[in-house]
Amino acid sequence: MKGDDPVGNLDRYAKSILHGKCYDRWFDKSFSIVIYKNGKSGLNAEHSWADAPTVAHLWEYTLATDAFQLGYTEDGHCKGDVDRSLPLPQKLTWDIPSEVQAQVSVSLAVAQALADDVDCHVFPFREFGKGQIKKLRVSPDALIQIGLQLAYYRDRGGFCLTYEASMTRLFREGRTETVRSCSNESCAFVKALEAGEAGEQCRRLFRQASERHQNLYRMAMTGAGIDRHLFCLYVVSKYLGVDSPFLKEVLSEPWRLSTSQTPVQQMELFDLKNNPEFISLGGGFGPVADDGYGVSYIIVGEEMINFHVSSKHSCSETDSHRFGRQITKAMLDIMTVLSADAKPSSSSKSPTQSKKQL
């Protein structure tokens, strides 16, 4: 983003697309395209009908087709012939009773209070991307998720139940399953790193945590997850009127760290290296718990990862910008630990060295 305050611009766009002014977004539709006076645009999607990948692929296909196939004339107009037979839009006038107007005002005040409480922070992580991570024979998603565990531990002084969305597209009409990415193995690595244990020990624990995460992800993708099963049991128990202390306890713990990866860039549409101006910021969402964080991330090409962090201003223990800094530091610290075990070569440089030379 350009301008005098690029960081603030990203945060403001995120909040604007998420909820706007609370009276200029149509939440009765499956999705809404938000267009600004400066030509920027974004998409707000209602979640029940589809998950993020469906919306992301639709939006990316639309933008790529518009830019690389349909195109524009030199004076900025869309190519093609104008259909003069289309009727002109007509402004609708509404007769709203005073009691309805009063209720609308009350509802607007409630909605604005909720919207004002959302703290959004969007930032690109450019120190390294999936290209460098894969050279270390590590899953990029596993490294990011373990990085989030390290960041949360440093931010809040402990661990929490963590939600990571996994697609279940192997099944007809499959939606999502939960990867509980806060594991015994990830906690062991974080504690070892924070305790200053030897690099070899930290690397060994990281590899175990990474393998555990990949196994959890595979289980979720193949229908061996537990959370949708537990939710179905809960729905059935309510229908049958059966009181289950077990389900109450299991489902009562909040997801203080709710995370998701937005898969974007359909390779056949365009090449990010040759068209860097079309890099997507990805998408985001609000926090699930009042005292938690919502973290969405998009792995862009080989060299960048975009993060969306959300929390609530009303919680004194959370801060989206602070957590963003913790994520950046955690990613760099993990890469430093892993890179120390890699064989040096004349062409390889650490993230810090690359940054200084740039």
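Below is a summary of the structure that appears in this document. Keep in mind that this is a model prediction, so the values were computed, not measured. (Residues numbered from 1 in each chain as written. Predicted model: local features only at pLDDT ≥ 70, side-chain atom pairs only at ≥ 80, totals over all residues. Heavy atoms only, no water.)

This part is about the sheet that holds strand S4 (residues 162–167). Overall, mixed pairing links the six strands, which are arranged S3-S8-S7-S6-S4-S5 in an open sheet. Of all the strands in the sheet, just strand S3 (118–125) and strand S5 (176–179) have a single pairing partner and so form its edges. With strand direction ignored, the average angle separating the axes of adjacent strands in the sheet is 20°. For S3 and strand S8 (residues 304–312), the ladder comprises eight bridges, and the chain directions are antiparallel. By the bridge assignment for S8, Val118 is matched with Lys312. (Pairing = 2+ DSSP bridges. Helix = DSSP H or I, 4+ residues; strand = E, 2+ residues; numbered from the N terminus. Axes fitted to C-alpha atoms, helices over the stretch in contact; angles between N-to-C directions.)

Before going further, it helps to spend a moment on the packing of helix H8 (residues 227–240) against helix H9 (residues 245–252). Remark: H8 packs on H9, axes separated minimally by 10 Å, with the N-to-C direction vectors making an angle of 130°. Taken together, the axes of H8 and H9 are oblique relative to one another. The two elements H8 and H9 meet at a crossing, and its hand is left-handed. Here Leu230, Leu233, Tyr234 and Ser237 of H8 come into contact with H9, specifically with Phe246, Leu247, Val250 and Leu251. Taken together, the residues of the contact of H8 with H9 break down into seven nonpolar, one polar and no charged. (Parallel < 35°, antiparallel > 145°, perpendicular 65-115°, else oblique. Left-handed = near helix turned anticlockwise from the far one by under 90°. Contact = heavy atoms within 4.5 Å. Nonpolar A, V, L, I, M, F, W, Y, C, P; charged D, E, K, R; others polar.)

Turning next to helix H1 (residues 6–19). Given a rise of 1.5 Å per residue, 14 residues ought to cover 20 Å, and the 20 Å separating the end C-alpha atoms of H1 matches this to within 8%. Along H1, the positions that sit buried rather than exposed are Gly8, Asn9, Leu10, Asp11, Tyr13, Ala14, Ser16, Ile17 and His19. The secondary structure elements touched by the buried residues of H1 are strand S2 (41–45), helix H3 (98–116), S3 and helix H10 (320–339). (Expected span 1.5 Å × (residues − 1). Buried < 20%, exposed > 50% of the residue type's maximum accessible area, 1.4 Å probe, protein only.)

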